[in-house]
Amino acid sequence: MEMENNAIISVVDIEVDANETADKKRSVAWQHFTVLDSGFSKCNYCSKTYNVAGKSKGSTTNMLKHLNSKHKSKICTDRTDKQPTITDALKKKVKRPFSQIRFRQKLIKWIIVTNQAHRIVEEETFLELLAEFSDEAFIPKRDTVKADIMKAYIEMKKKISEILSILSCRLSFTHDCWTSPNGIFFLGITCHWITEKWEYQSVLLDFIQLKGKHTGINIADAFMNTLTDFNITSKILSITTDNASNNDTFVASFTDKHNELTLFDLNSITFTKDHHVRCFAHIMNLSVQSFLSSLLISLPINEDFELEADPEDYVEPNLTNHGTIISKLRNLIKKIRVSPQKLQKLSEACKILSIDDVKPIIDVKTRWNLTFYMIQRAVRLRNAITTISAIDKDLKRLLLEESEWEAMNSVMIILSKFEKATKHEC
């Protein structure tokens, strides 16, 4: 099972023997202290001693402070045993002969990790930069870069498939859907498992562009295709999703497809709705949003007062003369954030009132914890916000009343409990 534990995650675990490290006594302090049999170290220039066998376990911090304070002239300021800097390490690195293959691999890795466009390899300034370091490198064209990336993807996919195939445990899955800003619908599928050493592992199996209607049946087809592609249909234990309505259809459709495919597979389980786990964080998000939307306020009917239309606002569509305190606060903060002049005035007010000069936070509907942070920051900036709003026509009509600020304090306390629970569970 060596491949199971080592091959999947690109993380190098380096274990250092603490006793071996301590015994080397590499600190400059040991040049000026003598270790006594009693477990103490004694200064060579005075009678000061320090316990190096107790909780400090050989720490030289106090010894160095003593030397700097009492015997500074004894310490050589031009140390030769100091830790090397990154620059020093790079300078001392053994120079290897240039390799075009290794260069291509590093180039592809850099493009992937930093999310660069393929055309970067044809940018004149990029080529000029590389020319400063090497005149041996042959820079591939963007089509070659794409081909290299696809080759790396196929190799990694094969590697992951081999690892999953030899696992003796069952696998759990999560999936989620996104619509990109340009209207493309994607499905992400992640696989999770516990190794024989009780180490948690996870890997992204697929990120699929879904075409057609975003129905649970289409999602089930794509999900099943991925599991079949990796030959792990018999290893499934559970699937975790959010509470979108199409996931109920997804589970029903996937159950039929999976059980039909694995009917005669003795290693497989009969998948049922009990193997469907609903995301705790998403349930919490829906609960908090429902709570926030209930914080209604009456809006003046006869005044020119209207909350800005925003798809992120928690405003019930059937309420003509009501909104939420959250919406009111959000609109107030938006007006401050979009105006450099208002932000400058807020900054000046913070300095005058001795408040931390920080920027207000704006939230988004899909992340309730950002609403908590928005309220928390607004309460923190309350006096500064009140000060600038009192003399600003646009802000004055959105300024929260005393009772509303008190409500925000209460909401903040309640949401802090949810935040604590989220951090504990997620």
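The rules behind these values
For every chain, the first residue of the written sequence is number 1, and numbering continues from 1 onward in sequence order. Under the rules for a predicted model, residues below a pLDDT of 70 receive no local features and side-chain atom pairs below 80 are neither given nor counted, while totals for whole chains, interfaces and linings still include all residues. Neither water nor hydrogens contribute to the side-chain values; these are computed over all heavy atoms in the structure. UniProt positions are given in the numbering used here, feature names are shortened, and annotations may be inferred rather than shown by experiment. Salt bridge criterion: a side-chain nitrogen from Lys or Arg within 4 Å of a carboxyl oxygen from Asp or Glu. A run of H or I in DSSP counts as a helix once it spans at least four residues, and a run of E counts as a strand once it spans at least two, with each numbered from the N terminus. Using a 1.4 Å probe on the protein chains alone, a residue whose accessible area is under 20% of its type maximum counts as buried, one over 50% counts as exposed, and one in between counts as partly exposed. Any two strands between which DSSP finds at least two bridges are classified as paired. Angles run from 0 to 180 degrees between N-to-C directions of axes, and those axes are lines fitted to C-alpha atoms, restricted for helices to the stretch in contact. The contact criterion used is simple: two residues touch if any of their non-hydrogen atoms lie within 4.5 Å. Multiplying 1.5 Å by the helix residue count minus one yields the expected span of that helix. Pairing of aromatic side chains here covers Phe, Tyr and the six-membered ring of Trp, requires ring centres within 6.5 Å, and sorts the geometry by plane angle: under 30 degrees stacked, over 60 edge-to-face, intermediate tilted. Here, the term nonpolar core denotes a set of buried Ala, Val, Leu, Ile, Met, Phe, Trp, Tyr and Cys residues that are joined through side-chain atoms within 4.5 Å. Definition of a polar contact: a pair of N or O atoms within 3.5 Å, with one able to donate and the other able to accept a hydrogen when the atoms are protein atoms, and with sequence-neighbouring residues admitted only if both atoms are side-chain atoms.

- Where an unreviewed UniProt entry is consulted, the chain appears under the name BED-type domain-containing protein, with the organism given as Strigamia maritima.
- For the chain, the Subcellular location (unreviewed entry) comment in UniProt is given as "Nucleus".

### Let's talk about the pattern of salt bridges
(1) Moving on: The full count for this structure, using the stated rule, is ten salt bridges.
(2) Moving on: Put simply, Glu122 and Arg142 hold a salt bridge, and the shortest N to O gap is 3.2 Å. Placement of the pair is Glu122 in the loop between helix H5 (100-113) and helix H6 (124-133) and Arg142 in helix H7 (residues 142-165), with a sequence separation of 20 residues.
(3) Moving on: Overall, the relative accessible area of 37% leaves Arg142 in the partly exposed class.

### Observations concerning the sheet that holds strand E8 (residues 276-278)
The strands that make up a sheet are held in pairs by hydrogen bonds between backbone atoms, and each pair lies either parallel or antiparallel.
(1) Moving on: Overall, mixed pairing links the five strands, which are arranged E6-E5-E4-E7-E8 in an open sheet. Looking at which strands have only one partner, the edges of the open sheet turn out to be strand E6 (200-210) and E8. When strand polarity is set aside, the average angle formed by the axes of neighbouring strands in this sheet is 25 degrees.
(2) Moving on: With four bridges joining them, strand E4 (residues 171-179) and strand E7 (residues 236-241) adopt parallel strand pairing. From the neighbouring strand, Phe173 faces E7, where its bridge partner is Ile239.
(3) Moving on: Most of the contacts of helix H8 (residues 216-229) go to E6, to which it runs at about 130 degrees, and overall it touches E4, strand E5 (185-194), E6 and E7.

### Some points on the pairing of E6
(1) Moving on: Strand direction decides the pairing type here: E5 and E6, joined by ten bridges, are antiparallel. Bridge pairing in E6 places Gly188 opposite Phe207.
(2) Moving on: Joining the antiparallel neighbours E5 and E6 is a turn of five residues, in which Trp198 adopts a positive phi near 60 degrees.

### Quick notes on H5
(1) Moving on: An ideal rise of 1.5 Å per residue puts 20 Å on 14 residues; H5 measures up with 20 Å between its terminal C-alpha atoms.
(2) Moving on: Turning to H5, the residues buried within the fold contact H6 and H7.
(3) Moving on: Immediately downstream of H5, the backbone of Asn115 shows phi near 55 degrees, a positive value.

### Focus on the packing of aromatic side chains
(1) Moving on: Tallying each qualifying case throughout the model produces twelve aromatic pairs.
(2) Moving on: Plain terms: the ring middles of Phe173 and Phe223 are 5.8 Å apart, the flat faces sit at 80 degrees to each other, and that makes the pair edge-to-face. Taken together, the positions of Phe173 in strand E4 and Phe223 in helix H8 put the pair 50 residues apart, joining distant regions of the chain.
(3) Moving on: Its relative accessible area of 0% is what places Phe173 among the buried residues.
(4) Moving on: A relative accessible area of 0% means that Phe223 is categorised as buried.

### A few points about the nonpolar core
(1) Moving on: In terms of nonpolar packing, the biggest core is built from 33 residues, with Leu329, Leu332, Leu346, Ile375, Met408 and Leu415 touching the most fellow members.
(2) Moving on: Only helix H10 (280-293), helix H11 (325-337), helix H12 (340-352), helix H13 (368-380), helix H14 (382-389) and helix H16 (402-425) provide two or more residues apiece to this core.
(3) Moving on: Excluding residues that lie within four positions of it along the chain, Leu332 makes contacts with Ile385, Ser389, Leu395, Leu398, Leu399 and Leu400.
(4) Moving on: Counting residues in hydrophobic clusters, the runner-up holds 28 residues, among them Ile219, Ala220, Met224 and Leu227.

### Observations regarding the environment of Ser238
(1) Moving on: Within the secondary structure, Ser238 sits in strand E7.
(2) Moving on: The exposure class assigned to Ser238 is buried, which follows from its relative accessible area of 12%.
(3) Moving on: Note: C-alpha distance between Ser238 and Thr174 (64 residues apart in sequence) is 8.5 Å.
(4) Moving on: Look past the residues within four positions of Ser238 in its chain and what remains in contact with it is Leu171, Ser172, Phe173, His275 and Val277.
(5) Moving on: Only 3.1 Å separates the side chain of Ser238 from the side chain of Ser172, close enough to count as a polar contact.

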